[in-house]
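Structure assessment
Listed below, chain by chain, are the residues.
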Amino acid sequence: VAIAWPWLDRLAATAPVAVFAAVGRDAIERVEDLSLDARIAWVASPRHADVLLVAGEMRSEDAPALRAVHDQIPAPRKTLWWGTAPFQELVSPTVLPLADEALAPILNLHTSLSNSEPNWLPDAPPNPWQGLGPNGQGGKGMMGGVPYGRPMAMTDDDGRDGLPLDQTTVQIGPFLQTWPAGLVLELALQGDVVQHARVVHPPHGPTKDIFEGVSSRLRSAARLLRLLELGSLAERCRWAAAAHDRRQAVDIVALRTAIRRSGAFAALPAGLGACRLDGAPGDIRSRLLAWLGDGADLSKEAATDLKPKLSRLLTGLEWHEAWLVINSFTPQQLHGMALCEKAPAEGDDDPSSGTHPAMEHAH
Amino acid sequence: LNAATAVVATLLLMLGGAWLVAVFDRIAAALVARRPIGSLWLAPLQSGASLLVGRANRTEHPDGLNWALAPALYLVLAFVGVALVPFSTRGALVDIPAGIVLWGAVESLTVVAVFLHGWSANALFPLLGAYRYVAIGLPIMLVSMFVLIAAALPAQSLALGAIVQSQAGLWNVVRQPLGLPLFLLLGLSLTLRGPFNYADSADLAGGTDAERSGPPRAVWQWARLSMAVSFSAMAATVFLGGPLGPAWGTAELGPLWLTLKTIVVLALLVAASHLLARMPPSRMLTLLWTVLLPLSFVGLVAAGIEAAS
């Protein structure tokens, strides 16, 4: 269904360009700064986008997910490759170094949307139906398995009270808006409660200096606030981070007061995500508070061997809490934690893992 | 006013009201983020146009009927809410003796509309948003029922016109101080906003809205904004005296007073959705069942004692 009135088209052309960002290595801060421009709308779902921004170096194992995310963007659509090599089969892709500004090329692509890109994947299920188990879908009896690549529920005991309930295993990541770039988790869900978690791919490890500055910490705080539906306060944090990068003064005390008044600390359950990180105990509240500190304890980020297990931290949490916990670590910390528990070989060629994109069931 | 004029007027009000909510949202976002407001008056129309010229999509094996109808159902419910509001002391578009009960039905059917929106996509994120919304929607609706029954007690009537008349001496916002704050929480839930946005939230990449694009998404977003108008007009009627104005005014000024009061409630609703954090669902459930629901019951008992004495 599409409406064709010229005046409506002209009005629509003046709207901000809806961009979905598939973020790779070392690009998240570039994308977050870009999103501050009013001519860009950084959207959370590829269904809401006009332009796919592939930002930062990609791993080969993320290519299937990237193709699927591209095809989820409704036509007409375009892709900008920002600091990464495009797929070889593409004809005249738009490529840009990460050091260059992406705004003007994105606006340019938006004016040429009518010449839309075709699908990058065949419009077919990633897995066949036939030949797996007695009913064709795999799994046991009529339950479980991954018919057409879509995981089906299987009864299992709830980890909290042992009550048998339907359990679905899904893969989440690597391209979501408020999610560590590159992280792919396999979650066994009962309702919205995580029963098991497994790291399929760790997030990208930052190649830059291990030292974390004030602006990085403000951006980390912004991600957490976004998950508390405080999008406007999160934007204020990103503005403050950008200002700090330009060596302008930032009133972090006022920012911290505004966040406290929003009830953000009260909304976070005490003890959520509690673990000893680099020898120091803390929970999600204390980590947010530390990000909003005055920078006195900046040097405490040095890595040690003591790492909490991400999969253990997430088990038993409900969906929202799990996302909060994942985003309560800096990219460096999370990379270190996830790297320790990534099961080699397993997961990479697991037929049940298929080629799930950011969102299940969506093609 | 004949019926056709009233229907057209209501439709225009919903369009204008939705635009106003979107403008308020932009102002609030800019103020909270401490940045310039930028393009303001045209911006909601531009965003709406870009959705309308976009292409509607279909997920894999959706529940086709509900996938198509859920946004329309949500929008219709917002319309029904506005139609119930007495815009002058002479009555409403739909003037029935149990108007406040029908509004209660609008509240509960909104939960159904949002659930079906998430359910019908046949995808993980919308489904999680749908179930979560129902879990929160039930107790917050119970809070609202207690609050509305308390507001109907002084009028000794379920008709919205009578509830307005009962506030001629003293508005319910003063008589029952717990009412409007608790009712505002319901408004945040009905419109999927801020601290009560459990359906279309950031941790679900848009939740029930995550798989939508094109004109149906425009309808869904318009419905969300329209429901904010509908709710605010209802709150202004039940707690702020509706079309009642100062003694020097005439009955013809009623729609003006109601509009002004509705805008005040809208501003409160928008401010709350930008300023207050959303807690995890289980924490919110505990808060609702152990604090807010008993609080609304206390309000009801107090209103009953006052009405009986």
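Remember, predicted model here, so these are calculated numbers, not experimental data.

1. Describing the pattern of salt bridges
On inspection of all chains with the given rule, the structure shows 17 salt bridges over all chains. B:Arg278 is the partner of B:Asp203 in a salt bridge, and the nearest nitrogen-oxygen pair spans 3.6 Å. Taken together, the positions of B:Asp203 in the loop between helix H8 (179-190) and helix H9 (215-239) and B:Arg278 in the loop between helix H10 (254-275) and helix H11 (281-308) put the pair 75 residues apart, joining distant regions of the chain. Here the residues in one salt-bridge network are A:Glu29, A:Asp33, A:Arg219 and A:Asp245, joined through shared partners.

2. Considering the interface of chain B and chain A
Taken together, the 51 residues of chain B in the interface contact 53 residues of chain A. Across the interface of chain B and chain A, roughly 4,300 Å² is buried in total on both sides, 59% from carbon and sulfur atoms. Linking chain B with chain A are 2 salt bridges. One salt bridge connects B:Glu211 with A:Arg47, and the closest N-O pair in it is separated by 2.8 Å. For the pair chain B and chain A, the number of links is 18 residue pairs in polar contact (both at pLDDT 80 or more). Elements that contribute at least two residues to the side of chain B that touches chain A include exactly helix H1 (3-33), helix H2 (43-52), helix H5 (124-152), H9, H10 and H11 of chain B. In terms of residues, the side of chain B that touches chain A owes the most to one element, H2(B), which gives 6 residues. Counted by class, the side of chain B that touches chain A contains 24 nonpolar, 14 polar and 13 charged residues.

3. Points about unusual backbone geometry
With an omega of 0 degrees, the peptide bond between A:Ala75 and A:Pro76 qualifies as cis. Of note, A:Pro76 is situated in the loop between helix H3 (63-72) and strand S4 (78-82). You will see that B:Arg34, though not glycine, has its phi angle at about 55 degrees, which is positive. Among the secondary structure elements, B:Arg34 is positioned in the loop between H1 and H2. Here B:Gln156, not a glycine, exhibits a phi torsion of approximately 50 degrees, which is positive. Here B:Gln156 lies in the loop between H5 and helix H6 (160-165). B:Gln156 sits in the exposed class, given a relative accessible area of 69%.

4. A short note on the layout of surface pockets
One water molecule sets the probe size; rolling that probe over the atoms shows where empty space is left. Volume-wise, the second largest pocket comes out at about 920 Å³. Considering every element that reaches the lining of the second largest pocket, the biggest residue donor is H5(B), with 7 residues.

5. So, helix H12 (residues 331-341) of chain A
Each turn of an α-helix holds 3.6 residues, which means side chains three or four residues apart point in the same direction. Buried within H12(A) are the following residues: A:Gln332, A:Gln333, A:Leu334, A:Gly336, A:Met337, A:Ala338 and A:Glu341. Tucked into the core, H12(A) has its buried residues touching strand S9 (193-201), strand S10 (275-277), helix H10 (310-314) and helix H11 (319-326) of chain A.

6. With respect to the confidence of the model for chain B
Taken over all residues, the pLDDT of chain B has a mean of 94, while the share at 70 or more is 100%. Confidence estimates for the predicted assembly give a pTM of 0.92 and an ipTM of 0.95.

Basis of the calculations
Residues numbered from 1 in each chain as written. Chains lettered and ligands numbered in written order. Predicted model: local features only at pLDDT ≥ 70, side-chain atom pairs only at ≥ 80, totals over all residues. Heavy atoms only, no water. Salt bridge = Lys/Arg side-chain N within 4 Å of Asp/Glu carboxyl O. Helix = DSSP H or I, 4+ residues; strand = E, 2+ residues; numbered from the N terminus. Contact = heavy atoms within 4.5 Å. Buried area = accessible area lost by both parts, 1.4 Å probe. Polar contact = N/O pair within 3.5 Å; in protein donor to acceptor, adjacent residues only side chain to side chain. Nonpolar A, V, L, I, M, F, W, Y, C, P; charged D, E, K, R; others polar. Buried < 20%, exposed > 50% of the residue type's maximum accessible area, 1.4 Å probe, protein only. 1 Å grid on protein atoms, 1.4 Å probe; cavity = no way out; pocket = protein on both sides within 12 Å on 5 of 7 lines; lining within 4 Å. Points joined across faces, edges and corners; volume = space filled by probe spheres on them. pLDDT = per-residue confidence, 0-100.

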